[in-house]
Each structure stands twice: as structure tokens, then as C-alpha cells.
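Residues per chain are reported as follows:
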Number of protein chains: 2
Amino acid sequence: MSRYVISLGGNALGNNAEEQKKLLKYVAHAIYPLIEMNHDIVIVHGNGPQVGMINLAFNESPSTPLMPFAECGAMSQGYIGYHIQNAIQNIMLERHIKRPIATVVTQVLVDEKDPAFLHQTKPIGSFYKKEEADELSLKHGYTMVEDAGRGYRRVIASPKPVDVIEKESILSLLKDKQIVIAAGGGGIPVIQRNGELVGVDAVIDKDHASAKIAEIVGADELFILTAVEHVYIDYNTPNQKALKDITLKELDIYLEESHFKKGSMLPKIEACMNFVRATGRPAVIAALEKAVEAFKQTSGTIIKP
Amino acid sequence: MSRYVISLGGNALGNNAEEQKKLLKYVAHAIYPLIEMNHDIVIVHGNGPQVGMINLAFNESPSTPLMPFAECGAMSQGYIGYHIQNAIQNIMLERHIKRPIATVVTQVLVDEKDPAFLHQTKPIGSFYKKEEADELSLKHGYTMVEDAGRGYRRVIASPKPVDVIEKESILSLLKDKQIVIAAGGGGIPVIQRNGELVGVDAVIDKDHASAKIAEIVGADELFILTAVEHVYIDYNTPNQKALKDITLKELDIYLEESHFKKGSMLPKIEACMNFVRATGRPAVIAALEKAVEAFKQTSGTIIKP
């Protein structure tokens, strides 16, 4: 029996409640083999489209107050966590297996001095015209940038996870063989200021958060499930090559050669490398639809020390 | 050392994120004495204004999908749970006490055959004109009713809680002396249909949910903290009398005499009576600002077998 942390992309969760429920049935089936084998499991999920939707609803609705981004993230943890635990409970009910599963609303500590706060890069929410963007900037102090000709968007910081505030709760549940959903959307970002935990407008990369959780819970393996079967070098060129089994040293070279796309494969690889470096244990990047094979290490890219 | 379930009203949580944070500092101070004495604590909170706000944001925003009420409730659990755990963590940091606290996203089982589903009475969300109400009714099958001359509102069912799906997780955390926030807003209502747990458009009364949780976790006492210091008979009349210590039998008489207001004090009393009847242990209805006194049984109305 092993302990696994599984990271799921927010893009795999659809654009509304009905879609999300349907897609999560599929995810539950993909993860089920690990549940049946009685492994310890922590699920971390993305929330990009979902937190964007929640933020947009509050921005557009004339009668509701403005909702800070940390609070929108907390809402997305409830929304997505409920659907994940429900989907997994239902497949267990169908297969007559009984294991408790719960979502832990999770704050993740970041460093107020993280350079990411000086150089905000993560676009969130809707697109605005220049005048609207200037107004938002003036009114709320938002940093607004032009986004690839599609208009102006708010950008916020994407700092690195330092610690997981609710780690003891996650560990207690794991100890009792419960399945845990935690750090949804990378966690609610909080900084420590004047001895208090204070929520901040930021987004923590969910793969980095899952690597941090994997390290904290002593996971035997970190699985990042995404849309592609492998990590590729020379991606989308005639020389494209799938990586199946690779060491940190080899990856360092590919990183220097800039093979991996920022905001897409790069953070996944960096998160895996952080976990492998910190623990000496393997991390796998694989396709959600090949999860079963990935769990057997017959699909995906396995990153080893 | 005892085990307590504390039920907090959603009305005590304000109308936006800033207000909620400020008010929860106060709540954290009120509950702190029990934390310091190392008692087991489960906190259940209401979500009336908050889930209404979330629902309204999605209803009014032209670009976001319609959000079912169960999912809005799940969002409110993340939103409020995050603020409660953060406020209590911060008072513990200040006082140099270390106890883990976490919010468990909680589904509460209700019975599909609960008569409440045939007689929907709980008004939620915004007020509409007659024509808008008719359109919503036609389009989404909502039951819309005229609300005290203020316009039309959607009403949904308020079924009784039957079981708490995530009870094992709550019990695991309690066993490890962790503070648990659970069943926010009365829990996300689910029914069992074709062997699956299915979310439904309904609202479970949070006091009834807290009584059910108190029963399940074997609480020594149930505290319902509200805006008034006592339960009163002949409330708001010259004969008004505060109840300090009362038995189930005495309360039965007052219930028959219709002393308590529906949708306000009545559900609190019924919830307490359910707990006292099921366990033989006391329940207290008291003012949030007199929580410390209530914990010592020197304020509030104590209901005993």
C-alpha cells in the first residue's frame, strides 16, 4: 500500500455544474483503481475556469458586493470539492466499497516577500476595454495588462507555496484511510503578517501546491494528470519526442533548452522536480484517460532522481 | 473535557467579505474559552444571506451559467468556512495555543419522501415582479410565491436532516482534538436515488443539522448561539418571560400554545428538543455575546430532558 497525491487540471472540470458533474464521473472512474487497492490518496484540483466564473458572476452582478479573489478561491473549493467527493462516493456505492472521503478547505501559506508579488503575471477574470481597465486600476488598485490583442485583463501574483495551514487535518484523515481532497485551485493564498494569517489576492499554481502537499504527507509518488500522454521535447515540431523515463539531471538540460511551455507544461515539470528533489521519490505526468496505465507506470513520463 | 456542537446564525456573518471577517473575529473571541479549555468542538454555521448573495450573483450576471442551489450552498461552505477557520487560527496564534482546525465540505442526507418536498416554503434569493416570476416558473420549474407584499420569491423545500455523509471525517478530526467546521448552511442537501447521492434544490435548517451532528458525534451539549439572550414566552407582550431552565414536557405545552415564531425561534427549539430527546443531554439557546456565560450555564435557556 502506498500514499499518492493526484493533481487534476481545472480544465478537465467543464464550464458549469452539469458539465462538471458529468466530467467528474469520468475522473472518479480513472482514480477508482487506486481506491480499490486501498492506497492512501490526496486529490488536488485546479480551478482556473471555475474561479474565473465565480469572480465574473460577482463582478457582473449589480446587486452583490465585490468578492476578493481569495474568497472566490474558497468558494471554488466548496463547489469543486463537493462534486469530486460526491462522484467518488457514488462509484464506491456502486462497487460496494466503503471509504470515507472529504474536502478540507485549505489555506496555503505564501511568502509576502515572494518576488511574484512584485511581478504579477497571472491573468484572471474577464477582458476589459482600455478605459474600463484604467478605471478598475484606479478604483481598486488592480494591475491590468493587455492580453494578446483580446483586451485588458487583471493580473495577480502567483507566489510559491511555502506551507499548508491545514496539513494536520489532511494527515489525520489519511491516517484513518480516508480519501482527502485538499488545496483546491492551489489553495487559498495567505501570508503571515503581524502574527496573523491574512488572505491575499493571488493564485498558487495547483501543481506546485500538490508537490508541496506530496512532500508534507510523505507521498510515495506524485501524479499530475493532464491532457497529454507524456512530456514531449521539441513539442509540435517534426522532431517531437515523448519522454518516458527521465532523471532530474536530464530534465535540467531540457529546461535550459526551453523545451517546455510557460503556464502549461513548465510548472508541472518544475513541481515534479521539486517533489523528486525533496524526497528522492518519483513523480509522473500522464494523461487523465491513461490514469490506470500511469498508476502501473506503463504510460506517462516518470521523473526520477 | 466535553464535546460541544456550536451553531452560529448566518445573520451574524454580515453581507460581504470584509464585514464577515470583522464579525468572525468577534465570534472567534466568543468561542475561544472552550478552545482554551481543550474541549472538543464542532461549529455549524448558517448561510442564509451568504448563499442568497452567491445565488443572486449567478442569477444577475449575464455571462455565467445558472448555478443550482446545492452548488451555491457548497460555495458558501468554502467561503464562510475559510473565514471561520482563519479567524480562530488567528486568535490561537495570538494566544500561543496550537490546535488544528478545518472545514469539512459536508453533504447532509435528506429523504426524497420528506413531506417538505411537496410543500415548499423556504424563500430564497431575490424578489421578482409577477411577470418575471411567471417566466422563471415556466423556464426552470421554480415554485414562486408572493412574499408579504415585497414581490415574488422562489421557495424551495426545507427537509429534515437524516444523516451526515462526511460524519466519519468529522469524527476522525475530533478524535485527534481538532476543531471542525461542518454542515455549513445546514449542509449540502443530497437524496439517495438509484444507489447514488444526488444534490437537490433544498435548504436544510442549520439548527436541525447541528442537532443531528451533535447526536452523531455524541456531543455532551448543543449550543445554539443567536441574537437573543433567552427563549421567551409571550414574547413582545407585557407578559414576556425569559425561560432559563426548562424541560421537554414544559416546552411541549408552550409549543401547543404557539409561543415561538416559525422560521425564527421555533426551529431552534425543535432542534434542541430533538437532541435532548435523542440523547438525554442538555441543549442551550443563548446570545452570541453571552457565549462565555452560556458555556458556564449562567446565561441562556437550558433545555433538559
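The structure reproduced in this document is the subject of the present report.

Conventions adopted
- Residues numbered from 1 in each chain as written.
- Chains lettered and ligands numbered in written order.
- Predicted model: local features only at pLDDT ≥ 70, side-chain atom pairs only at ≥ 80, totals over all residues.
- Heavy atoms only, no water.
- Helix = DSSP H or I, 4+ residues; strand = E, 2+ residues; numbered from the N terminus.
- Buried < 20%, exposed > 50% of the residue type's maximum accessible area, 1.4 Å probe, protein only.
- Contact = heavy atoms within 4.5 Å.
- Phe/Tyr/Trp six-rings, centres within 6.5 Å; stacked < 30°, edge-to-face > 60°.
- Lys NZ or Arg CZ within 6 Å of the ring centre and 35° of its normal.
- Pairing = 2+ DSSP bridges.
- Axes fitted to C-alpha atoms, helices over the stretch in contact; angles between N-to-C directions.
- Least-squares fit on C-alpha atoms with pLDDT ≥ 70 in both.
- Expected span 1.5 Å × (residues − 1).
- Buried area = accessible area lost by both parts, 1.4 Å probe.
- Salt bridge = Lys/Arg side-chain N within 4 Å of Asp/Glu carboxyl O.
- Polar contact = N/O pair within 3.5 Å; in protein donor to acceptor, adjacent residues only side chain to side chain.
- Nonpolar A, V, L, I, M, F, W, Y, C, P; charged D, E, K, R; others polar.

This part covers the side chain of A:His83. Position of A:His83 among the secondary structure elements: in helix α3 (residues 69–95). The class for A:His83 is buried, based on a relative accessible area of 3%. With near-sequence residues (within four places) excluded, A:His83 lies in contact with A:Ala17, A:Gln20, A:Lys21, A:Leu24 and B:Glu71.

Counted under the stated rule, the structure contains 6 aromatic pairs over all chains. With 4.8 Å between their ring centres and 85 degrees between their planes, B:Phe223 and B:Phe295 make a pair best called edge-to-face. One end of the pair, B:Phe223, is in strand β12 (residues 221–226); the other, B:Phe295, is in helix α9 (residues 291–295), with 72 residues separating them in the sequence. The same class applies to B:Phe223 as to B:Phe295, namely buried. Ring pairs connect the aromatic residues A:Tyr4, A:Phe223 and A:Phe295, which therefore count as one cluster. A:Arg153 extends its terminal NZ or CZ atom over the ring of A:Phe127, reaching a point 4.7 Å from the ring centre. Over the ring of B:Tyr32 we find B:Arg95; its NZ or CZ atom is 4.7 Å from the centre of that ring.

Residue and element names in this part refer to chain B. Read across the sheet, 3 strands follow the order β5-β7-β6 without closing on themselves; strand pairing throughout is antiparallel. Because the sheet does not close on itself, it has two edges, and the strands there are β5 (122–128) and β6 (143–146). Strand-to-strand, the axes of this sheet are offset by a mean angle of 40 degrees, without reference to chain direction. Bridge analysis of β5 against strand β7 (residues 152–156) gives 4 bridges, and the strand direction is antiparallel.

Moving on, we get to the relation of the copies chain B and chain A. Expressed as a screw transformation, the operator carrying chain B onto chain A has a rotation angle of 180 degrees and an axial translation of 0.0 Å, and the superposed copies differ by an RMSD of 0.0 Å. One copy is carried onto the other by what is essentially a two-fold rotation axis.

What follows deals with helix α2 (residues 48–60) of chain A. Between its first and last C-alpha atoms α2(A) spans 18 Å; for 13 residues at 1.5 Å apiece the expected length is 18 Å, and the two agree. Every buried residue of α2(A) is listed here: A:Gln50, A:Val51, A:Gly52, A:Met53, A:Ile54, A:Asn55, A:Leu56, A:Ala57 and A:Phe58. Buried residues in α2(A) make contact with α1 (17–36), α3 and β5 (122–128) of chain A together with α2 (48–60) and α3 (69–95) of chain B.

Looking now at the interface of chain B and chain A. Listed per partner, the contact involves 55 residues of chain B and 55 residues of chain A. When chain B packs against chain A, the two sides together hide about 4,300 Å² of surface, and 58% of this comes from carbon and sulfur. Among the residues chain B hides against chain A, the three largest losses belong to B:Glu71, B:Tyr82 and B:Val105. Together they make up 13% of the total. Applying the counting criterion to the chain B and chain A interface returns 4 salt bridges. In this structure, B:Lys21 and A:Glu71 form a salt bridge, with 3.9 Å as the shortest nitrogen-oxygen distance. Applying the counting rule to chain B against chain A returns 32 residue pairs in polar contact (both at pLDDT 80 or more). Among the secondary structure elements, those contributing two or more residues to the side of chain B that touches chain A are α1 (17–36), α2, α3, β3 (101–104), α5 (167–175), β10 (188–193) and β11 (196–199) of chain B. Broken down by element, the residue count for the side of chain B that touches chain A peaks at 13 residues, all from α3(B). A per-class count over the side of chain B that touches chain A returns 26 nonpolar, 19 polar and 10 charged.

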